[in-house]
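# Summary of structural features
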Protein chains: 2
Amino acid sequence: MSGSDQVSKFYAYVDSHQEDFVQRLVHAVGYRSISSDQTKEGRNQVIEMGHWLRDQLAQFVVKPEDAELVELVIPDKTDLNLPPLVLARIGEDLQKKTVLVYGHYDVQPVGGWEAANPDNPNAFKLGTTDKEKLIGRGATDDKGPIMGWLNVLEAHKSIADDLGKPLAEILPVNIRFLFEGMEESSSVGLEKWINEEVKKTDKGWFKRVDCVCITDVYWLTTHRPSLTYGLRGIAFFSIDIEGATTDLHSGSFGRMVHEPMTDLVKLFSVLVETNGVIFKEVEEMVPEPTPAERKEYEDLKYEVSDLLQDIGNPVELDGKGVDLIMGRMRYPSLSIHGIKGAFDTITAAIPHNISGRFSIRLVGEQTPQKVFDIVDKFLRKEFDNLKSKNKMSLALETSGMPWVGNKDHWNFQAAHAAIQAVHDVAPVYARDGGSIPIVLTLEQALGGKNVLLLSMGKSDDGAHSLHEKLDRDNYFKGTKVYGTYLYELAKQDAS
Amino acid sequence: MSGSDQVSKFYAYVDSHQEDFVQRLVHAVGYRSISSDQTKEGRNQVIEMGHWLRDQLAQFVVKPEDAELVELVIPDKTDLNLPPLVLARIGEDLQKKTVLVYGHYDVQPVGGWEAANPDNPNAFKLGTTDKEKLIGRGATDDKGPIMGWLNVLEAHKSIADDLGKPLAEILPVNIRFLFEGMEESSSVGLEKWINEEVKKTDKGWFKRVDCVCITDVYWLTTHRPSLTYGLRGIAFFSIDIEGATTDLHSGSFGRMVHEPMTDLVKLFSVLVETNGVIFKEVEEMVPEPTPAERKEYEDLKYEVSDLLQDIGNPVELDGKGVDLIMGRMRYPSLSIHGIKGAFDTITAAIPHNISGRFSIRLVGEQTPQKVFDIVDKFLRKEFDNLKSKNKMSLALETSGMPWVGNKDHWNFQAAHAAIQAVHDVAPVYARDGGSIPIVLTLEQALGGKNVLLLSMGKSDDGAHSLHEKLDRDNYFKGTKVYGTYLYELAKQDAS
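Residues numbered from 1 in each chain as written. Chains lettered and ligands numbered in written order. Predicted model: local features only at pLDDT ≥ 70, side-chain atom pairs only at ≥ 80, totals over all residues. Heavy atoms only, no water.

- An unreviewed UniProt entry lists chain A under the name Beta-Ala-His dipeptidase, with Paxillus involutus ATCC 200175 given as the organism.

This is the structure in structure tokens:
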């Protein structure tokens, strides 16, 4: 059977098994695998999902030990076990390329979901009555994509059985699956495991991996597929301000003492302008775009209406789509998240020890440490100008480097061709505003192997929100794209 | 027996019953009467304290019905009963003046007390081992003062028994007690009851009241007694800012949308300066002090060290005591308390709908409504300048008018003489920075009868804090001052 015959059979299988695939996602969404749930029952649901996923993969591997669970060592004080890594390997053919596929089976919390979804009140019961959308927690982030890979395997197993051949033989590439259960909770333990594994002389589990495909990402818009080749970095900061030794009554002490909240809002207010521009020293680290670069962003044809679909109210920063999308992709951003130690109810107290939390998304040459040094110097100067007797200090909390991959690599070309084949349109090349530390971790651990971010869902899928969904069409076509990508990988000249 | 003989006997009784009085306070502090506790058991503890207090007062009244509990109608949605008002009347002599005494038997919450007080870990078990301090929740606010009044009654009952006369006959004035159990929770229901009572043709329970004495206040410093004749008013505000229809991921949407937190901190930052000065339009409502007025404040001899005792760290606004105390007494102040809808933990979200909370303490002509109008106009202008597409609105929440009483009234002169007699020093006349709505409520309901704020505890007693205490010396001398005040009231020419 020729490659294209096999692809046709694969598409036919996907088309005729849509309801089965939906039921697979129904089952997966059914696990309350919230990794941030610190109760024992909560954590057990994540672990249970990991076990089920391993069992699913076990149907497709050659030897039973090729689908395994890796228990991670607990690095913190909690007495909860970490959810296991789920690993599977299919194919050991030295003539084929080997692709590493990454995804995660844990999800975000669902507080408020019921009120937000009267028609689909249970976040863990996938809503399937809508003709277009599959509604539920994890539908798009990241259970849909993982189920997409299982769909690909199931279809090819059927084709292999028809041919009386082993699955591994008919697959165009060797595949390594790496699924984690702590992605929504800082991927605790994963980086350590990866870095220990690649220290092994044969690079351990990552032996002979040629490229990486990560499916934890979304289309740039709702109407055209995209490939993601860049991510902003992230630096979380806290400004701590200490005043009196205890909270004071504002009646007795108002206008007698320096109030930490007054200092904090003044510092916050000079960090960023209403139009999103950060203070000068941070902006100066980013060169203005060349006309050619601006043209690239114009070619994305991102429209204000694309953003409005995602944000609901018309609070966009700019009138032009190109400026908006450049704000996300190639400029740093600063968001103030909240204040620890203050009061959100009516109270007469002057908070005495507060911690203001903000983050900066990083691009280009902006490393967390470089930006920390600049922010620290800036805030010290501003605080000195305030002439406050309170004490101020700045701390860098979690952080991650910005990343731009090589979008001209054959890994991207394979994905490009797969999208063209399935969607009949070329993908747009996008940089995402978020930060996915696993991308840089894998790229570095694998000595610079190309990492592709291949999306299944749309920009309005609402990952993390109380309206998370995955369009049926994206689920089925995404499954086809994943499978086609494997064939296209095989065709690439990797010499 | 002459008046002065009787006073001597009263002092002797206080001196010889110190341990009994301490035990009375131990018992009173033992009730967990936290009015903000919205559980049924919590509320029941407040109610139980009210019943005990009524029973205590019942020992001293003429007829049983002269000590009564008033059930307040519940004005809100909670299904908890309100704690009762505890009323008692002693004396109906038309030849004597009638004084109304107000206090409250509920207390503030105690979260964190145990960690803050390793030597006195139970806030409701009065710490009595310290030679100077009685440590516990409610010791100074306001159970100590209420027990002081019970001490006065007990001493005089003993004197009356010795003389074979009724208590009411030997007391120099008629007394009306009004103790509430919701003071720390906005005095729910009290104002309504007072205003209905005074509508009665004979003015109901307030019949023939000549003056009022409120004991819910503290010395200006730690070293000299004071009488309080003024209070700042209060206006609580919330600035609401609405952006997108949902919280957004700062990675995906940072630098694409107007962020409500950015707008809010910019508005907060122009409301008040680091030195405590509020924006111009609010400051302009307050005339500068005349040299004579400044002299009055200088005569208080308030020192920076007095403030440092209360606040712990050296974060005072000014280098001079007189400027500090004028900041509390005669200038408005603005405190930012916190933000509702933001996050105090590490999160990547852009909060979409937030509410910033602040309050302004009012003086002189500053009514809550006048100041609201000024703040609203100011913030609208500032918000327009920001050119944000978010929506902003300002709301006035709870509020109270500023108050300055007549410190030359005979009610104050009686208290002045009592303090001089017991402490051998004249009191300083102070205005407090806080707000006690019951003062204005009673003054207005009683058609302008003089209201005196007579303190028992010191400035460092830490009402509301996790280090609340009452000095033994203040408890015993305060009891003597209360009793002496009654004799001095009787001497005053009220014509």
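### Here's the deal with the domain arrangement of chain A
Residues and elements named next belong to chain A.
- Splitting chain A by domain gives domain 1 (3-231 + 402-491) and domain 2 (233-286 + 331-400).
- Here the C-alpha centre of domain 2 lies 38 Å away from the C-alpha centre of domain 1.
- Across the side of domain 1 that touches domain 2, the residue classes break down as two nonpolar, three polar and no charged. (Domains from an automatic or database assignment. Nonpolar A, V, L, I, M, F, W, Y, C, P; charged D, E, K, R; others polar.)

### Details of the relation of the copies chain A and chain B
- Expressed as a screw operation, the relation of chain A to chain B combines 0.0 Å of axial shift with a rotation of 180°, fitting to an RMSD of 0.0 Å. Such a combination of turn and shift is consistent with a two-fold rotation axis. Minimal C-alpha separation from the rotation axis in chain A is found for A:V265, amounting to 2.5 Å.
- In this assembly, 100% of the residues forming the interface of chain A have copies in chain B that are likewise at the interface, indicating an isologous arrangement. (Least-squares fit on C-alpha atoms with pLDDT ≥ 70 in both. Contact = heavy atoms within 4.5 Å.)

### As for the interface of chain A and chain B
- If you look at the interface, chain A gives 80 residues, while chain B gives 80 residues.
- When chain A packs against chain B, the two sides together hide about 6,400 Å² of surface, and 56% of this comes from carbon and sulfur.
- The three residues of chain A that bury the most area against chain B are A:R255, A:M256 and A:T274, which together make up 15% of that side's buried surface.
- At the junction of chain A with chain B, the criterion picks out six salt bridges.
- Taken together, the links from chain A to chain B amount to 40 residue pairs in polar contact (both at pLDDT 80 or more). (Buried area = accessible area lost by both parts, 1.4 Å probe. Salt bridge = Lys/Arg side-chain N within 4 Å of Asp/Glu carboxyl O. Polar contact = N/O pair within 3.5 Å; in protein donor to acceptor, adjacent residues only side chain to side chain.)

### Let's talk about the sheet that holds strand β12 (residues 353-362) of chain A
All names here are of chain A.
- The strand order across the open sheet formed by four strands is β10-β12-β8-β13, and the pairing between neighbours is antiparallel. On the outer flanks of this sheet lie β10 (333-340) and β13 (391-400), each paired with one strand and no other. For this sheet the average axis-to-axis angle between neighbouring strands, irrespective of direction, equals 20°.
- Here strand β8 (residues 233-242) pairs with β13 via eight bridges, running antiparallel. Residue E242 lies in a different strand from β13, and its bridge partner there is K391.
- This element, helix α14 (residues 368-386), spans β8, β12 and β13 of the sheet and lies at about 160° to β13. (Pairing = 2+ DSSP bridges. Helix = DSSP H or I, 4+ residues; strand = E, 2+ residues; numbered from the N terminus. Axes fitted to C-alpha atoms, helices over the stretch in contact; angles between N-to-C directions.)

### Focus on helix α12 (residues 304-311) of chain A
- Looking at α12(A), one finds that the buried residues are A:V304, A:D306, A:L307, A:D310 and A:I311. Buried residues in α12(A), looked at end-on, bunch into an arc of 160°, giving them a common side.
- Lining the buried residues of α12(A) we find α13 (321-329) of chain A together with β9 (248-249) and α8 (250-253) of chain B. (Buried < 20%, exposed > 50% of the residue type's maximum accessible area, 1.4 Å probe, protein only. Arc of directions from axis to C-beta.)

### Focus on the sheet that holds strand β12 (residues 353-362) of chain B
All names here are of chain B.
- Spatially, β10-β12-β8-β13 is the arrangement adopted by the four strands of the open sheet, whose pairing is antiparallel. The outermost strands of the open sheet, each flanked by one partner alone, are β10 (333-340) and β13 (391-400). Sheet twist, expressed as the mean angle between neighbouring strand axes with direction ignored, is 20°.
- In terms of strand pairing, β10 meets β12 through seven bridges, oriented antiparallel. Paired with I336 across the bridge in β12 is F358.
- Along the sheet, helix α14 (residues 368-386) makes contact with β8 (233-242), β12 and β13, crossing β13 at roughly 160°.

### Quick look at unusual backbone geometry
All names here are of chain A.
- Residues D141 and D142 are joined by a peptide bond in cis, for which omega reads 10°.
- When you line up the elements, D142 lands in helix α5 (residues 139-163).
- In this model, R208 sits at a positive phi of 60°, which is unusual for a non-glycine residue.
- Examined against the element boundaries, R208 turns out to sit in the loop between α7 (190-197) and β6 (211-214).
- Even without a glycine there, the phi angle at K387 is positive, about 55°.

### With respect to the packing of aromatic side chains
- If you walk through the whole model with that rule in mind, you get 28 aromatic pairs over all chains.
- Note on A:F237 and A:F372: the rings are 6.2 Å apart at their centroids and 5° apart in plane angle, and the pair reads as stacked. Separated by 135 residues along the polypeptide, A:F237 in strand β8 and A:F372 in helix α14 bring together distant segments of the chain.
- Given the relative accessible area of 1%, A:F237 is considered buried.
- Its relative accessible area of 14% is what places A:F372 among the buried residues.
- The interplanar angle of 85° and the centroid separation of 6.2 Å between the aromatic rings of A:F268 and A:F358 together place this pair among those described as edge-to-face. Placement of A:F268 in helix α9 (residues 260-271) and of A:F358 in strand β12 is noted, with a sequence separation of 90 residues between them.
- Grouping aromatic residues by their ring pairs yields a cluster made of A:W149, A:F177, A:F179 and A:Y482.
- Above the face of the B:Y331 ring, B:R330 is positioned so that its terminal group lies 4.9 Å from the ring centre.
- Positioned above the aromatic ring of B:Y229, the side-chain terminus of B:K407 is 4.7 Å from the ring centre. (Phe/Tyr/Trp six-rings, centres within 6.5 Å; stacked < 30°, edge-to-face > 60°. Lys NZ or Arg CZ within 6 Å of the ring centre and 35° of its normal.)

### Some details on the packing of helix α2 (residues 18-29) of chain A against α5(A)
All names here are of chain A.
- Two numbers describe how α2 lies on α5: the axes approach to 10 Å, and their chain directions differ by 135°. Looking at the two axes, α2 sits oblique to α5. The crossing of α2 and α5 is right-handed. Note on element contacts: α5 touches α2 through A139, K143, G144, M147, L150, N151 and E154, opposite F21, R24, L25, A28 and V29.
- Split into classes, the residues belonging to the contact of α2 with α5 amount to seven nonpolar, two polar and three charged. (Parallel < 35°, antiparallel > 145°, perpendicular 65-115°, else oblique. Left-handed = near helix turned anticlockwise from the far one by under 90°.)

### Describing helix α1 (residues 3-16) of chain B
Residue and element names in this part refer to chain B.
- Relative to the 20 Å expected for 14 residues at 1.5 Å per residue, α1 spans 20 Å between its end C-alpha atoms, a close match to the ideal helical length.
- Listing the buried residues of α1 in full gives Q6, V7, F10, Y11, Y13 and V14. Around the axis of α1, the buried residues are gathered within 160° of arc, so they sit on the same side. With respect to the buried face of α1, the exposed residues turned more than 90 degrees away are S4 and S16.
- Tucked into the core, α1 has its buried residues touching α2 (18-29), α5 (139-163), α6 (167-170), α15 (410-423) and α17 (472-491). (Expected span 1.5 Å × (residues − 1).)

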